[in-house]
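Summary of the model geometry
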Amino acid sequence: MKLNVNSEDREFDGDPNMPLLWVLRDHLNLSGTKFGCGIAQCGACTVHLNGKAARSCSVPAAEAQGMKIRTIEGVSAGHPLLVAWVKHDVPQCGYCQSGQIMQAAALLDEKPKPTDTDIDAAMSGNICRCGTYRRIKAAIKDAAGVA
Amino acid sequence: MSERKFEEEAQRPKVFTRRRLVLGGSLLGGALVVGYAATNFGAIAAGALSIGARAADPGAFGPFIKIDETGWVTVVNRYQEMGQGSHAGLAAIVAEELDADWEMVRFETAPANAAVYRDATLGIQGTGASQAIAGSWDQLRQAGAAARAMFVQAFARKWVLPVESIGVRNGVVYHSASQRSETFADLLADAAKITPPEHPKLKDPKDYRLIGTEIVRRKDSQSKSSGTELYTQDVRLPNMLVAMVAHPPHFGGKVGRADMAAARKVPGVVDVFEIASGVAVVAQDTWSACLGRNALKVEWDDAKAETRSSDALRALYREIAKGKTDVTGSAFQTKGKVDDAFDGELFEASFDFPYLAHAPMEPMNCVASVDGRRVKLTFAAQVQTVDQINCALAAITLPGMVEIETLPAGGSFGRRGTLTSDYIVECVNIARHVGGGRPVKLVWTREDDMSSGYYRPMAHHMVSIKCGEGGLPLAWRHNIVSQAIVPFGANELPTHGVKNSPYLSVASVVDGKIFTPKLGVPPGLWRSVGNSQSAMVMEHTVDQLARRAKRDPAEYRRAIFTKVGDVRKLAVLDLVCKKAGWGSPLDAGWARGLAVHECFGTVVAQVAEVSVLGENLRVRRVVCAVDCGIAIAPNQIAAQIEGGVCFGLGAALYGRITLDNGTPQETNFDAYRVLRMDEAPAVEVHIVPSKKTPTGIGEPGVPPIAPAVANALLSLTGRPTSSLPFVI
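Residues numbered from 1 in each chain as written. Chains lettered and ligands numbered in written order. Predicted model: local features only at pLDDT ≥ 70, side-chain atom pairs only at ≥ 80, totals over all residues.

1. Concerning the overall build of chain B
As a reminder, the rule being used: Only DSSP runs of H or I with at least four residues qualify as helices, and only runs of E with at least two residues qualify as strands; both kinds are numbered from the N terminus onward. Atoms counted for the radius of gyration: C-alpha only. Globule rule: 2.2 Å times the number of residues to the power 0.38. Whether a residue is buried, exposed or partly exposed is read from the other C-beta atoms within 10 Å of its own C-beta, which are placed from the backbone; 20 or more gives buried, 12 or fewer gives exposed, and intermediate counts give partly exposed. Note on contacts: each residue gets a C-beta atom placed from the backbone, and two residues are in contact if those atoms are within 7 Å.
When helices and strands are counted, chain B shows 19 helices and 26 strands. At 27 Å, chain B has a C-alpha radius of gyration in line with the 27 Å of a compact globule built from 728 residues. Seen through its principal axes, chain B has C-alpha atoms that stretch 80 × 70 × 50 Å. Residues classed as buried in chain B amount to 59% of the 728 residues present. In chain B, the share of contacts with a sequence separation of at least 24, taken over all contacts with a separation of at least 6, comes to 79%.

What follows is the structure in structure tokens.
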């Protein structure tokens, strides 16, 4: 099958039931998308499917066919969220952060000036065991230019 | 004995692991580690451990500093980067003495070599007890200052100038009078030829330009934000196989009969075989390994398995604490004459703590290859020396022939510091079976990780206190029930935070005992170790004592700290009260709770603002005061305290592993609830100025939050808390 990842058509001929997460990681060599729980409870594997945040651990490859898949590798180095993440030294262990950024990017695409409540609502599906939540929130607001 | 030297305590072998091979490793590992740390033959034993290792070239500036011809300064970090960011502080210590340009300083992780990279306090190469900064302060200042002196000397010789007239700033060596200057890069070849001075002059702290400033920031934010950081899970090597293991559902269970036929037929599965810890499936990729494992049919042998449930264990622990079982207590602190000290009216309280999983975001994993006697490991090693010994035993080789490339960990919280090296040995066993030096990546699912044990152990504390004048403790009896956290020595770790606490110091009679039951569930080191339980017991008890005496909790503590001369606790208490507005009015329905606790040499006070609306407990703000000696990296100190509060708060609110018939019931984040963004309080961190040797920051932020919340609840509802988690 063909998968459109970060605006590029990629070939995948494995099990169509394989979760998109493992297609990305094991077959397309895109390891920025992380495995955390496997049951869509932690958000470490968050990618965009047609612009919406989705948990790639719970989306079979076949289902992602024909959709525009965007991963952390498709986020440009100058993206305001990436810049803000570094400015605020958000990461600790860092393992959840690509999922956090993908979730935040989907939020800002939908709501460019989110309120605290919007941020809580959008981000509470993404776990950070290091507890960087407040810095994540500060970085999102910084990137969005809201106080 | 220092509370940090947990490796020293290896005398009494303990049997509690469910993996026989692993157990053998831990015994010898413990004994060896003890042998050299306790007898002070560190260098000799570490040398012996390194037999078979490839020779390391320390370079002109020693094993901790590398400088290249482009002027980049690389600081070699012997500690694991698991999120705590100690690399920033370590790099700053070197850069400060070296007068390097911070923008041209980076770090790399040291190879496993105890002879060169062991931590003096831990006695091994490993990361724990918040030791990185404390254990490196003198050594890295010396190394940085020596390297600086070499550049100065090289410049002086080249231009025939007196050494005293030469300065260094931001990686540039200069002579003001002649307006000559050269960079480290320019001088590198000459400087490398200079013999490093044995006793280089260290900076006066008043001249620090880097240490204690906001310039000191972690160096990995870019790679960790952009998804380019390489974790164990991301390792891809030529010809690599991926392995998953079907583990026994019960601790102490083993494989009875395994039908592997269906698993072998799964496309992508390369081999299926039994190992000591279960049935291994190796495959071409992760998904095939997963499907292969699902296709296994295993009958488990539970003859020796742990089959008790949490409720039964809790009841048993209470009986043990009362001395009603055959588990006898051993004294951890005694003072004065017990006689009639506990006659009359007593304050009595007891506390139950559940098992807790670490649940780092990256489940345990490891990459290993075994080629004859050479073992190569690529993973987030936390206790390299211990892992080398355990893996050498598994692969029948020498510890020095176990090469480890340490990667950053996607969290650990102590799980990767497990002293049996459980999952690492499992990976080595699989790689050994595969053979030929073919790399194998062992992948644990979240369920594997969360049901694997090495939990913060279940515990029960029981206190009986007689108070005297002003309501201050006069006699303190304290019984602790907890499994031994490390498999050797006296069961000391659960007493941390109780033993020698100021509240015991102020009493004239102390009767402290620890009871050590044996269970089939392997306990482990969990961020802040015994402190996360003892802080709850001590600080919540003290608040109740203050209220009984009709005294303000802060004022009551101040009286005790003053009486015993604990000036550091006094300082953090005063600072936290000032910053939190202690005593000032709050919105209706909100209350403040206070806790002060010392953990691994760092003192932290926290004031939490808490409300209860129906069933809904909210913590909106936590004000913290910290004394960690000289503050090297204030931004990272704040980050660790912010994170520690969230980690400790999530555990206190929701954390528990429940055993049903011996089997963990919470195996993923759907059932094992953790703190999420909408529940994360605003955390303010204030640092007490200090000229003392720096102490650690990775763990001390965790312990005070549970009692701070409990004390606020006490203030709101009048009801004390006697078990965690708060929310059931």
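Next comes the rest of the account.
2. Thoughts on the overall build of chain A
A tally of helices and strands in chain A yields six helices and five strands. Going residue by residue from the N terminus, the α and β elements of chain A occur as β-β-α-β-β-α-β-α-α-α-α. Taken over C-alpha atoms, the radius of gyration comes to 15 Å for chain A, in line with the 15 Å a tight globule of 147 residues would show. Overall size of chain A, expressed as C-alpha extent along the three principal axes, is 45 × 25 × 25 Å. Split into buried and exposed, the 147 residues of chain A put 59% on the buried side. Considering only intrachain contacts with a sequence separation of at least 6, the fraction spanning at least 24 residues in chain A is 62%.

3. What about the pairing of strand S20 (residues 509–515) of chain B?
Side-chain positions along a regular strand alternate between the two faces of the sheet. For S20 of chain B, the tally of buried residues reaches seven of seven residues, placing the bulk of the element in the interior. Side chains Val509, Asp511, Lys513 and Phe515 of chain B of S20 of chain B all project onto a buried face; the interleaved residues Val510, Gly512 and Ile514 of chain B project onto the opposite face, where all are buried too.

4. Description of the domain arrangement of chain B
By convention, interface size is frequently given as the accessible area that disappears when the constituent parts associate. Residue and element names in this part refer to chain B. Using the following cut-off: For the domains described, the bounds stem from an automatic or database domain assignment. Under this grouping Gly is polar, as are all residues other than the nonpolar Ala, Val, Leu, Ile, Met, Phe, Trp, Tyr, Cys and Pro and the charged Asp, Glu, Lys and Arg.
According to the domain assignment, chain B consists of domain 1 (41–226), domain 2 (232–304 + 364–443) and domain 3 (459–717). Taking only C-alpha atoms, the centre of domain 1 and the centre of domain 2 are 36 Å apart. Across the boundary between the two partners, domain 1 contributes 19 residues, which contact 20 residues of domain 2. Partitioned by chemical class, the residues of the side of domain 1 that touches domain 2 number eight nonpolar, nine polar and two charged.

5. Quick notes on the domain arrangement of chain A
Residues and elements named next belong to chain A. In terms of domains, chain A is made up of domain 1 (2–74) and domain 2 (80–144). Just the C-alpha atoms count here: the centres of domain 1 and domain 2 sit 20 Å apart. Listed per partner, the contact involves 15 residues of domain 1 and twelve residues of domain 2. For the side of domain 1 that touches domain 2, the secondary-structure elements that each account for two or more residues are strand S3 (46–49) and strand S4 (52–55). Here the side of domain 1 that touches domain 2 takes three residues from S3, the largest share from any one element. Of the residues belonging to the side of domain 1 that touches domain 2, the class tally is six nonpolar, seven polar and two charged.

6. Section: helix H9 (residues 286–294) of chain B
Buried residues dominate H9 of chain B, accounting for eight of its nine residues. Those residues of H9 of chain B lying buried are Thr286, Trp287, Ser288, Ala289, Cys290, Leu291, Gly292 and Arg293 of chain B.

7. Here we look at the environment of Thr420 of chain B
Residues and elements named next belong to chain B. Tracing the chain through its elements places Thr420 in the loop between strand S16 (402–406) and helix H12 (422–434). For Thr420, a count of 27 C-beta atoms within 10 Å corresponds to the buried category. With 213 residues separating them in the primary sequence, Thr420 and Ala633 have C-alpha atoms 33 Å apart.

8. Quick word on the sheet that holds strand S6 (residues 180–183) of chain B
All names here are of chain B. For clarity, the cut-off: Two strands form a pair only when DSSP identifies at least two bridges running between them. Fitted lines through C-alpha atoms give the axes, limited to the stretch in contact for helices. The angle between two N-to-C directions lies from 0 to 180 degrees.
Taken together, the three strands give an open sheet; going across it, the order is S4-S5-S6, and neighbouring strands pair in antiparallel fashion. Either end of the sheet is taken by a strand with one partner, and the two such strands are strand S4 (167–169) and S6. Ignoring strand direction, the axes of neighbouring strands in this sheet form an average angle of 25 degrees. When strand S5 (residues 172–175) meets S6, the two strands line up antiparallel, connected through four bridges. Residue pairing in the sheet places Val172 in a bridge with Thr183 of S6.

9. A few points about unusual backbone geometry
Apart from glycine, the bulk of residues carry a negative phi angle, and the bulk of peptide bonds sit in the trans form. Residues and elements named next belong to chain B. Between Leu724 and Pro725 the backbone carries a cis peptide bond, its omega angle lying at 0 degrees. For Asn239, which is not glycine, the phi dihedral falls at a positive 70 degrees. For Asn239, the position within the fold is in the loop between helix H7 (221–225) and strand S7 (241–246). A positive phi is found at Ile396, a non-glycine position, where the angle reads about 50 degrees. Following the sequence through the fold, Ile396 ends up in the loop between helix H11 (384–395) and S16. The class of Ile396 is exposed, set by 8 C-beta atoms lying within 10 Å.

10. Observations regarding the packing of helix H3 (residues 80–87) of chain A against helix H4 (residues 97–110) of chain A
Residues and elements named next belong to chain A. Selection rule: Note on angle classes: values under 35 degrees are labelled roughly parallel, values over 145 roughly antiparallel, values of 65 to 115 roughly perpendicular, and the remainder oblique. For any helix crossing, the convention is left-handed if the near helix is rotated counterclockwise from the far helix by under a right angle, and right-handed if that rotation is clockwise.
Running from N to C, H3 and H4 point in directions that differ by 135 degrees, and their axes come no closer than 10 Å. Viewed along their axes, H3 and H4 adopt a mutual orientation that is oblique. Where H3 crosses over H4, the two elements pack in a sense that is right-handed. Residue-level contacts link Leu81, Leu82 and Trp85 of H3 to Gln97, Ile101, Ala104 and Ala105 of H4. Its residues placed into classes, the contact of H3 with H4 shows six nonpolar, one polar and no charged.

11. Considering the pairing of strand S26 (residues 682–687) of chain B
All names here are of chain B. Judged by which residues are buried, S26 turns out to be one-sided: Val683, Val685 and Ile687 face inward and are buried, whereas Ala682, Glu684 and His686, on the alternate face, are not. Sheet topology note: the strand S23 (residues 616–627)/S26 ladder contains six bridges and is parallel. Bridged to Val622 within S26 is Val683.

12. Here we look at the interface of chain A and chain B
The interface is formed by 44 residues belonging to chain A together with 47 residues belonging to chain B. No other element matches the four residues that helix H6 (residues 133–144) of chain A contributes to the side of chain A that touches chain B. When the residues that make up the side of chain A that touches chain B are grouped by side-chain class, the tally is 23 nonpolar, twelve polar and nine charged.

13. A closer look at the sheet that holds strand S21 (residues 590–599) of chain B
Residue and element names in this part refer to chain B. The strand order S21-S22-S23-S26 describes an open sheet built from four strands, whose pairing is mixed. Either end of the sheet is taken by a strand with one partner, and the two such strands are S21 and S26. Here the average twist between neighbouring strands, direction ignored, is 20 degrees. With eleven bridges connecting them, strand S22 (residues 602–613) and S23 associate as antiparallel partners. When the sheet's bridge partners are listed, Leu613 is paired in S23 with Asn616.

14. What to know about the packing of helix H3 (residues 86–98) of chain B against helix H5 (residues 132–159) of chain B
All names here are of chain B. Contact geometry for H3 and H5: axes closest at 7 Å, N-to-C directions at 30 degrees. On the basis of the axis angle, H3 is roughly parallel to H5. In this structure, the crossing between H3 and H5 has a hand that is right-handed. Note on element contacts: H5 touches H3 through Ala132, Ile133, Ser136, Trp137, Leu140, Arg141, Ala143, Gly144, Ala145, Ala147 and Arg148, opposite Ser86, Gly89, Leu90, Ile93, Val94, Ala95, Glu96, Glu97 and Leu98.

15. Topic: the nonpolar core
All names here are of chain B. Heads up, the rule is: Definition of nonpolar core: a set of buried Ala, Val, Leu, Ile, Met, Phe, Trp, Tyr and Cys residues joined via C-beta atoms within 7 Å.
Formed by 278 residues in total, the largest nonpolar core has its most connected members in Val94, Ala243, Leu377, Val428, Val576, Cys624 and Val709. Broken down by element, the residue count for this core peaks at 14 residues, all from H5. Not counting residues up to four positions away in its chain, the partners in contact with Cys624 are Val576, Val604, Ala605, Gln606, Ile641, Val683, Glu684, Val685 and His686.

16. Digging into H3 of chain A
Within the span of H3 of chain A, buried status applies to Leu81, Leu82, Ala84, Trp85 and Val86 of chain A. Buried positions along H3 of chain A lie against H4 and H6 of chain A together with H7 of chain B. Note on H3 of chain A: the residue one or two positions beyond its end, Asp89 of chain A, has a positive phi of about 45 degrees.

17. So, the environment of Asp340 of chain B
All names here are of chain B. Looking at the element boundaries, Asp340 is found in the loop between strand S12 (329–335) and strand S13 (347–353). Under the C-beta neighbour-count criterion, Asp340 is labelled exposed, with 10 such atoms within 10 Å. Taking the C-alpha atoms as reference points, Asp340 and Val509, 169 residues apart in sequence, are found 10 Å from one another.

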